[in-house]
Amino acid sequence: RGGRDESAGDEESWQPWAYRRKNKVALVALATAGCAYALLNSPIVSAMRRSAYAPGVQVLAASNMTAENWGVDCWTACGETPGECNEFCGLGNACCRFGATMDPAVCAGILAWGSLSYHTCVVPINPAFLVDKTPLQVVQHWGADCFSSCGNQSGFCTSFCGQGNVCCRWESAFDPPECQGIVSFGSKDHHTCVAPVNVAYTTALSPPNGSTVTNWGAPCLANCTETGYCPEFCGAGNACCDWDAGFQAPECSGISIYGSKEFHTCVAPVHPHFQIALAPSNVLNWGADCSVSCGGAGFCQDFCGLGNVCCRWGSTEDPPECVGISQWGAKDRYTCVTPATLVYRAVPQPEGSSVQHWAAECLPACNSSGFCKEFCGQGNACCKFGNVFDAPECRSILTWGRKDRYTCVAPEEQLYQVFNASPGLVQNWGADCWQACTETGGACPNFCGIGNACCRFGSSQDPPECLGITQWGSKETHTCVAPVDPSLYVNHFSEDCWEDCNGAGYCEDWCGSGNACCKHGLGQDPAECHGVSYFPTLKYHTCVKAAGQWPGVPEAPPPGSCIPGQVQEASGTCVNAVTPALMTFYLYYATSDLYPALANARLANLEGIMWVLHQEIVNQCPRSNNVNRVLRYVVTVKNPYEFFNATQRQFGPLTNFSAVTSASTENGFVVGCHDQSTKGSQSANYDGPTLYSLPGGVNLGGECAAPDGEKACTWKATYAGEVRIDDISGIIDDYSFCANGQVEYDPTTDTGNGTKFWNFRNNATWNQRRVQFVKELFQMKYPHYPVSIGEPNCDSGAR
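The rules behind the values
- Residues numbered from 1 in each chain as written.
- Predicted model: local features only at pLDDT ≥ 70, side-chain atom pairs only at ≥ 80, totals over all residues.
- Heavy atoms only, no water.
- Salt bridge = Lys/Arg side-chain N within 4 Å of Asp/Glu carboxyl O.
- Helix = DSSP H or I, 4+ residues; strand = E, 2+ residues; numbered from the N terminus.
- Pairing = 2+ DSSP bridges.
- Phe/Tyr/Trp six-rings, centres within 6.5 Å; stacked < 30°, edge-to-face > 60°.
- Lys NZ or Arg CZ within 6 Å of the ring centre and 35° of its normal.
- Axes fitted to C-alpha atoms, helices over the stretch in contact; angles between N-to-C directions.
- Parallel < 35°, antiparallel > 145°, perpendicular 65-115°, else oblique.
- Left-handed = near helix turned anticlockwise from the far one by under 90°.
- Contact = heavy atoms within 4.5 Å.
- Nonpolar A, V, L, I, M, F, W, Y, C, P; charged D, E, K, R; others polar.
- Expected span 1.5 Å × (residues − 1).
- Buried < 20%, exposed > 50% of the residue type's maximum accessible area, 1.4 Å probe, protein only.
- Arc of directions from axis to C-beta.
- Disulfide = S-S within 2.5 Å.

1. So, the pattern of salt bridges
Now for step 1: As enumerated under the stated definition, the model contains six salt bridges in all.
Now for step 2: With a shortest N-O distance of 3.2 Å, Asp-302 and Arg-402 are connected by a salt bridge. Taken as a pair, Asp-302 in helix α11 (residues 301–304) and Arg-402 in the loop between β14 (381–383) and β15 (407–409) lie far apart in primary sequence, 100 residues in all.
Now for step 3: Here Arg-405 ties to Asp-302 by a salt bridge, and the two come within 2.9 Å at their closest N and O atoms. Taken as a pair, Arg-405 in the loop between β14 and β15 and Asp-302 in helix α11 lie far apart in primary sequence, 103 residues in all.
Now for step 4: What you see here is one network of salt bridges that share partners, running through Asp-302, Arg-402 and Arg-405.

2. With respect to the sheet that holds strand β18 (residues 478–481)
Note on sheets: strands pair through backbone hydrogen bonds, and any given pair is parallel or antiparallel.
Now for step 1: Reading across the sheet, the three strands line up as β16-β17-β18 and stay open at both edges, with antiparallel pairing between neighbours. Sheet topology places β16 (442–443) and β18 at the edges, where each strand pairs with a single neighbour.
Now for step 2: Relative to strand β17 (residues 453–456), β16 runs antiparallel, the two being bridged by two bridges. Looking at the pairing, Gly-442 lines up with Cys-454 of β17.

3. Considering the packing of aromatic side chains
Now for step 1: Under the defined criterion, the tally for this structure stands at 16 aromatic pairs.
Now for step 2: Relative to Trp-472, the ring of Phe-457 lies with its centre 5.8 Å away and its plane at 85°, an arrangement referred to as edge-to-face. Taken as a pair, Phe-457 in the loop between β17 and β18 and Trp-472 in the loop between β17 and β18 lie far apart in primary sequence, 15 residues in all.
Now for step 3: These aromatic residues form a ring-pair network of at least three members: Phe-156, Tyr-201 and Trp-243.
Now for step 4: The ring of Phe-385 has Lys-403 lying over it, and the distance from NZ or CZ to the ring centre is 4.4 Å.

4. Examining the packing of helix α16 (residues 606–617) against helix α20 (residues 764–781)
Now for step 1: Interaxial distance between α16 and α20 falls to 10 Å at its minimum, and their mutual angle equals 115°. When the axes of α16 and α20 are compared, the pair comes out roughly perpendicular. Viewed along their axes, α16 and α20 form a crossing whose handedness is right-handed. Contacts between α16 and α20 involve Leu-606, Glu-607, Met-610 and His-614 on the former and, on the latter, Asn-767, Arg-770, Val-771, Val-774 and Lys-775.
Now for step 2: Class assignment for the residues of the contact of α16 with α20 results in four nonpolar, two polar and three charged.

5. Quick word on α20
Now for step 1: For α20, which comprises 18 residues, the first-to-last C-alpha distance of 26 Å matches the rise-based estimate of 26 Å (1.5 Å per residue) to within 8%.
Now for step 2: Where α20 is concerned, the buried positions are Asn-767, Arg-770, Val-771, Val-774, Leu-777 and Phe-778. The arc that holds the buried residues of α20, viewed along the axis, is 115°, so those residues lie on one side. When the buried face of α20 is taken as reference, the exposed residues oriented beyond 90 degrees from it are Gln-768, Arg-769 and Met-780.
Now for step 3: Turning to α20, the residues buried within the fold contact β24 (583–591), α16, β26 (629–637), β31 (713–724) and α18 (725–729).

6. Here's the deal with the environment of Phe-419
Now for step 1: Here Phe-419 shows up in the loop between β15 and β16.
Now for step 2: Look at Phe-419 and you get partly exposed, because its relative accessible area is 33%.
Now for step 3: Sequence separation between Phe-419 and Gly-430 is eleven residues, and the spatial gap between their C-alpha atoms is 8.5 Å.
Now for step 4: Non-local contacts of Phe-419, meaning those with residues more than four positions away in its chain, are made with Trp-429, Thr-470, Gln-471, Trp-472 and Gly-473.

7. A short note on the state of the cysteines
Now for step 1: Following the criterion strictly, the structure yields 32 disulfides and no others.
Now for step 2: Here Cys-304 pairs with Cys-336 through a disulfide, and the sulfurs are 2.1 Å apart. Judged by the torsion about the S-S bond (-65°), the Cys-304/Cys-336 disulfide is left-handed. In this pair, Cys-304 is assigned in helix α11 and Cys-336 in strand β12 (residues 334–337), connecting sequence segments 32 residues apart. The pair Cys-304 / Cys-336 is uniform in exposure class, with both members buried.

8. Some thoughts on the sheet that holds strand β20 (residues 515–518)
Now for step 1: On the basis of which strands lie adjacent, the open sheet formed by three strands has the order β19-β20-β21 and antiparallel pairing. Across the chains shown, the open sheet's two edge strands, defined by having one partner strand only, are β19 (505–506) and β21 (542–545).
Now for step 2: Pairing between β19 and β20: two bridges, direction antiparallel. Residue pairing for β20: Tyr-506 is matched across the bridge by Ala-516.

Dropping the structure here:
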């Protein structure tokens, strides 16, 4: 803030006077004596003596006013300098000489003199030169010279003048702004301690009401080492800031109430963004440094409390659970806080939960992620929040007891949930059946009960009776279940059947209804063994579904066969059927983990379902309606004769079930279709995507066991496997995928973020490869199903 060396200025100001004093002593003495004699005998003084004023001057000259050393020669005591002389004459008084024209302005107009012969102490009468003799209580060393005590500079000087006060000189043009506008001075002839009057430069004697600031008004930089938050010296949430520093921590911005404005001092941040909150009841060690106790940022339940995290305000390197937090106990360190979003919060165990050891570490007891009924309870799993490499049953879980380690949770996707109660008459529900069923999947009446099977969730090696099962007592081992289609049973699956069946051929007593004892590739076996699509072993004769006796699993059409809806003439040419045709083909359905009821459903061929996924599903994360898998069905259709006779078409138009009140028309429950146009830059360019509508449903009409062309019996759909969209896209964990801001396909860039599978929606070649890839996924997962069983033409006439 500067200032100036007042001693040099004073010497320069009075140099002519001193020069005459030092160098012309004789002349000055002679002149003084002569002037005094002339003055005393001048006509003016003589006239005054004779006039009415003479008594006044004399009385005043003899009066003892408030000046000290009244009537005494003050010239030497006041440094041979006229003007203010607080030390000898008293506070606010001056050393002046009657009639001297060279004295400063403070000496003008004075009528009360103790002597008219020399410089003497007087009381100024001009209001501009008066001083306050009663010091302000908040100002220390009132009237004293403060310049040297304040470091030879003007401005704020708490150490000598008191908190918030300044060292200023009356009418000095060189003093800083905090000295401007002050009218109350204890002295006007040197720098002295005063109180600022401009609100911008005033300070407060105590912190604002409700503030937690400590060491108010004291210097803080030495204790805090830098500007900004300094809870150890300034108190929790408070900062060490400088009133007018240009570069300092942002929490110092906007503060107007200071205990001192001459150095860094402790203050309370005023902007809500930089303030701290009172400790909530659910967070431990609020405001304390958690970096060492927690070993870094992120979940830290042991030190911070249930579901809480160790984070640092403003850090861009902390994990996602630290994002968006607004309530902090400290903003200058890593400290315990509660995650801002529900996805990162842990909760107490929900009422009615079957999870054992809630919030406890489970990995040592379970050895790996996934189902762990021994430690976590039946149907529950050992998982770690956000770990993309955990077992699939750990996906999409929202309810956690802790999120900083492996802990027991209940799977939330229905696909991975288990049922505590047995459906029907299944024995040993939830138990491991592998040893009891001779380490063989499939029918196991002795341990599981008649008609039930020993199957493992997700196994591709189990026999057909294990397909399509939705209710499981356990999903981590082979367990007893009730097959969804009893006709799929194959007894003694993968066992040697040669002796029990007395050779090859039908063996329903040992192998089950419609089953035979056959060996793969053995040509001398009877006809029922030829064309069998699935063998559990190639080493010996074993029980299989006899050729043509595996309901729901169609045979691949021979080469040169006509497509569904056509017939072959004698010449071998395929032509459209002239009656309602019985057509069997694959359709696909995109859905969530809830197994759908196909009543009034819209399905598609594989190109059509890929078109739907590309247009409506994979362009947002999470996907629309939580769609996460593609189901395949073997669909058999025969539309009503009345419809065919009226239209000469095998299919009706696609039905928008949300816009009609009944799925039936005057011609019955007509299965419809629609060739989806792929024209335009905004449409995925697949080859012949076709959508289908299946009206009615179970007990509603339309769906039936054997479609025959009657109005109420037009279609049948049999489950034929499924693939997950995560497997199609190459995503390990869709929950973390979305949490990281990724998406399978972004229409604005025509690419994906985190996967490339859906890139370039309009590229026909890429789309063909995508369709082929999904076909191969089904083939690998369900090798006993043909890749294709033919596909009809959509002749509804609608596009």
